[in-house]
Protein chains: 2
Amino acid sequence: MINTFCRYPLWEVSKDLVDVAQGRKPADIVITNSRLINVCTKEIQDNMQVAIVKGRIAMVGDCSHCIKEGTKVIDANGQYIAPGFMDGHIHIESSMLSVGEYAKAVVPHGTTGVYIDPHEICNVLGLEGVKCMIQDSKRVALKTMVTTPSCVPAIPGFEDTGSFIGPNEIKQTMEWKEVVGLGEMMNFVGINASNETTHAIVGETLKAGKIVTGHYSMPETERGLNSYIASGVRCCHESTREIDALAKMRMGMYAMLREGSAWHDLQEVAKAITKHEVDSRFACLISDDSHPHTLINEGHLDHIVARAIEEGIDPISAIQMVTINCAQCYQIDHDLGSIAPSKCADIVFIDNLEKCHVTKVIVDGEVVAENGEYIKEIKDYVYPEWATHSIHIKDKINKETFIIPSNNEKETVRVIEVIPAKVATIERHITLPVINGSIAADTTQDTLKAFVFERHHETGKIGKGFVKGFGIKGGALAQTVAHDAHNLFVVGDNDEDMALACNELIKCGGGMVVVKNGKIIGKVELPIAGLISDKSLEETNKQVIGVEKAWRELGCTHPSPFMTMAIIPLACLPTLRLTDRGIVDCTTFSFVDLIV
Amino acid sequence: MINTFCRYPLWEVSKDLVDVAQGRKPADIVITNSRLINVCTKEIQDNMQVAIVKGRIAMVGDCSHCIKEGTKVIDANGQYIAPGFMDGHIHIESSMLSVGEYAKAVVPHGTTGVYIDPHEICNVLGLEGVKCMIQDSKRVALKTMVTTPSCVPAIPGFEDTGSFIGPNEIKQTMEWKEVVGLGEMMNFVGINASNETTHAIVGETLKAGKIVTGHYSMPETERGLNSYIASGVRCCHESTREIDALAKMRMGMYAMLREGSAWHDLQEVAKAITKHEVDSRFACLISDDSHPHTLINEGHLDHIVARAIEEGIDPISAIQMVTINCAQCYQIDHDLGSIAPSKCADIVFIDNLEKCHVTKVIVDGEVVAENGEYIKEIKDYVYPEWATHSIHIKDKINKETFIIPSNNEKETVRVIEVIPAKVATIERHITLPVINGSIAADTTQDTLKAFVFERHHETGKIGKGFVKGFGIKGGALAQTVAHDAHNLFVVGDNDEDMALACNELIKCGGGMVVVKNGKIIGKVELPIAGLISDKSLEETNKQVIGVEKAWRELGCTHPSPFMTMAIIPLACLPTLRLTDRGIVDCTTFSFVDLIV
């Protein structure tokens, strides 16, 4: 696969590299006195030098003859140097940050490349939204390699999204130079049922010679996993058990071991490596989803490498899992993933290997981060006007919108019960009062009213239901981060606050809002597609912390409850879900009535 | 890289694979009771089953549900199964066999894929000759992946070849679906001098996203090797010392450890693995050149794997070096190199792992070899008429042709002295008698007359010189296997026998001829390009044995002396060489006079 993410393609600068290695021309940079973490041979080589010119590595070894007038000498002072870290599967939208802000956050932690699956923005804005993220990425020294979202919508027929991706769209994007593969194929049901369209989506990727990334979350490693891999899926980040990861590696699938903000898989899945004497070349470390507070408090791949080491994986193997292994997974190892002649000069300095503490980062032969700070100037990128006006709701929302009419005195309804910090829900049947001809929320039974407004095409579709388990009283919560269709989702115990929350969100272009007794007490503004902030990491984080606090003020004690709320509309998870089209029984994949 | 060497591309059969793994359709083949050599995790998995359909692997594990009506069950009886072996660098012409005959010889030994560099035929017949070999390959179950010869002629300006390969030809062939990369870039001098054309040849390959294979034979692993690798060369089979192979792997270059008929590198280079605790993913095992007797008496990659094990490399690592490592080198691991779902069903059965004894070979889901025999029917392939008429010499050769006039009684001349079983030569200055006005051979000084006739374009160019060291008396030896230009080369102690040898060769279209006192006592007919036999492996071997015997009859005791003779015209090796243009001093790369 041709890599267009380096400053120059090799064929344009090969003679320069040779001239430098031969001592005929000066290197741009020579790193001296380093301990090279050699991910090719799994060794540490002491007292090494590296000569760089035109963004690539010209020589590794004694490079004193490459130092001439104009060469910048960087004394590593005995620190380790490793290839730039790469995250093999990440949704940048989860950070709520623009690519630029995200890069500023992660590059100082050693991340020089990310394989993004922009399926959140794609559900809202389609491929035009993906193009915006690509534009956004071009202003930063973070190689942003795109995998085209494979499952938009996630569950066709059960929700309305802003766009649709089919085999034709896949074929088209495979010609984009920024696209290196297909985003996580979540539809393992379709794959394993030999569904024509699902296989065509994979097929268009394979025909282009690109990589199909996976998502196989079943606790089954026999015929289900086999047939899923047989379709051409090359990697998967959904292992939660030792045997999942081990089975995948044995079947030649790259096991992407995940340690995200919400999913802490490593403790368990690292055992696939530590408890078995296996070649670990098919293992990678990835984050999937990182939230702002994780990026600020823990870091990114540096943190995950350190966690892997804590779990007993040897340090060089752990570094291989974010460098050469990832590069080989994406068949881009001729340019990325090792410190070797010809490769892009993406180099991370580490002063404490066990903790994977990064002190300096070079990307394409340029020092871009030092001591935890991104030091390169970043141009502004303003998302286009249309990308920040993605909330299109047919009718004005007011308290009357939330009337659920009934002629009875009370009604027994289906209620979605959430479980703190879990993805599954429980179906409950609860009898609720009817007040002024409308079925009402009932906080004595911890039951809130829940509405999903289609917000992409002004279809006027509204899904109506009830949720239980948040412990909320006297308010409402609304958000446009509502997977995967990202419609406008609101819950509350009274119609006035629900209407206020919705209208506040519509006004600011989307995000998350908390209302208490007629007053807005928390808000994260995410005007870009209703998903992404136009603010800095720090400001966004402050807003998120504010919303978490507001939830607690309303009585909810869950960890990150807005995340639990965000997946209530995600109809590919068990058991009961609410989309803009209604209540979905996700065990039978059918719509069910509100009233039992 | 899209692999067109399997029976079906994955996207055409992915639904079939899924249907079989899911138990909805019958497998074509299920292998039971096998010990799977898992090259992904470097483990042996006992009691494994493998289900195959449409030439690909649908499932690995318990495949009993895939056995239905029409499924062929192959009981492995506890034997090992490994992925099909691949040779990462081979010149089929060295075997003197057609691709079909070569395949019949090597497939039963477990070889299911070869990366060929057809630079011998290309020097004679150009890309049309390469196309013939590709056609030839299509009739056999041996995946024949072509690397376009990079150095035709080997040393421009010092010899006449039948063709020329430049950047344009490289660009053109990179569009051929059979071409996976560039053949060994022997011109490391040009690379390291930043020569424009040499870099353009590499560059056209890189632009096509294909693999550049190498040939760096210098005992230098610092700036020379660094700058050579920096140009984009990905692998190299020219390591002869432990430190060569180790340095290459450390620089992310695939070290292709060679054990060919003539070059026995393994004993030394295996130490790069066995004496260092390194990750061996960058090591491959290859043959480079195999002669008929090696293929018959020792085998091919099975023999080399066994040799690697003898040298202390653990068996699974050795198997990795002819499977997954080679596939990753060529970035074709999504289709080849492992026994895993989706991959081509190229599978080797082994009953003795230490000796790597192969009992059965499956290619594309079909049993093609059993108990050492290729059992699949092979269609005939007849090379086109023009390919078998490649000897085009301007003037008729007779004994007068060999007169080297002199008016003196004796002359002191430059003589090329050969060293048994070594590639280097020594320059000697020897005084020879002048008989009837012509400088004569002198067997009392072990010195033979040597002539190289340009044989491609009837230019009439003749290189004239003398060689020493063969111990020959009373005869002549001629051959058209004369690297790399493969002109007609003859040596002898009398002009009559030299003329007879040449004319006999011209008559039969090329090959090797031995004449003793006016009688032909040995001959290998190689009518295809003067390099390749149209006979079977066995018949060709018999002829080669006959020629070896004839050399001995004339007094030469060297091992395979025709090979030593074949490289006398190869002007990229030290010290003194003879081409059709004259005597070349290979230390200064200049022509020198015969007479001192």
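It should be emphasised that the depicted structure is a prediction, and the values quoted were computed from it without experimental measurement.

## A look at the overall build of chain A
Logical step 1: A count of helices and strands for chain A gives 17 helices and 29 strands.
Logical step 2: Taking 25 Å as the expected radius of gyration for a compact globule of 596 residues, we find that chain A reaches 25 Å, a close match to that expectation.
Logical step 3: Principal-axis analysis of the C-alpha atoms places the extent of chain A at approximately 90 × 50 × 40 Å.
Logical step 4: Here chain A, with 596 residues, has 68% of them falling under the buried criterion.
Logical step 5: For chain A, restricting intrachain contacts to residue pairs at least 6 apart in sequence, the fraction spanning at least 24 positions comes to 69%.
Logical step 6: Roughly 19,600 Å² of accessible area belongs to chain A as shown, and the carbon and sulfur atoms make up 48% of that amount.
Logical step 7: Looking at chain A, you have 57 positive and 78 negative side-chain charges, and the mean spots of the two groups are 1 Å apart.

## Some details on the state of the cysteines
Logical step 1: Evaluated as defined, the whole model comprises two disulfides over all chains.
Logical step 2: Sulfur-sulfur distance for the disulfide between Cys-6 of chain A and Cys-344 of chain A comes to 1.8 Å. With the S-S bond torsion at 115°, the cross-link from Cys-6 of chain A to Cys-344 of chain A turns out right-handed. Residue Cys-6 of chain A is found in the segment before α1 (10-21), and its partner Cys-344 of chain A is found in the loop between α14 (324-329) and β14 (347-352); the two are separated by 338 residues along the sequence.
Logical step 3: Residue class for Cys-344 of chain A comes out buried when judged on its relative accessible area of 3%.
Logical step 4: For the unlinked cysteine Cys-40 of chain A, the closest cysteine sulfur is that of Cys-329 of chain B, found at 12 Å.
Logical step 5: Residue Cys-40 of chain A is classed as buried on the basis of its relative accessible area of 1%.
Logical step 6: Its sulfur unpaired, Cys-326 of chain B is 5.0 Å from the next cysteine sulfur, which belongs to Cys-284 of chain B.
Logical step 7: You can call Cys-326 of chain B buried: its relative accessible area is 0%.

## A closer look at helix α16 (residues 537-553) of chain B
All names here are of chain B.
Logical step 1: Taking 1.5 Å per residue, 17 residues should reach 24 Å; α16 reaches 24 Å between its end C-alpha atoms and fits that length.
Logical step 2: Among all positions in α16, only Leu-537, Thr-540, Asn-541, Gln-543, Val-544, Val-547, Glu-548, Ala-550 and Trp-551 are buried.
Logical step 3: As for α16, its buried residues are in contact with α2 (99-106), α11 (292-297), β23 (475-479), β25 (511-516), β26 (519-525) and α17 (561-566).

## Some thoughts on the relation of the copies chain B and chain A
Logical step 1: Once chain B is rotated about the relating axis by 180° and shifted along it by 0.0 Å, it coincides with chain A to within an RMSD of 0.2 Å. What the rotation and shift describe, once combined, is the action of a two-fold rotation axis.
Logical step 2: Both copies contact each other with a shared surface, as 100% of the interface residues of chain B are interface residues in chain A too.

Cut-off values and rules
Residues numbered from 1 in each chain as written. Chains lettered and ligands numbered in written order. Predicted model: local features only at pLDDT ≥ 70, side-chain atom pairs only at ≥ 80, totals over all residues. Heavy atoms only, no water. Helix = DSSP H or I, 4+ residues; strand = E, 2+ residues; numbered from the N terminus. Rg over C-alpha atoms; globule rule 2.2 N^0.38 Å. Buried < 20%, exposed > 50% of the residue type's maximum accessible area, 1.4 Å probe, protein only. Contact = heavy atoms within 4.5 Å. Areas by Shrake-Rupley, 256 points an atom, 1.4 Å probe, with all protein chains shown as cover. Lys, Arg positive; Asp, Glu negative; His and termini not counted. Charge placed at Lys NZ, Arg CZ, Asp CG, Glu CD. Disulfide = S-S within 2.5 Å. Expected span 1.5 Å × (residues − 1). Least-squares fit on C-alpha atoms with pLDDT ≥ 70 in both.

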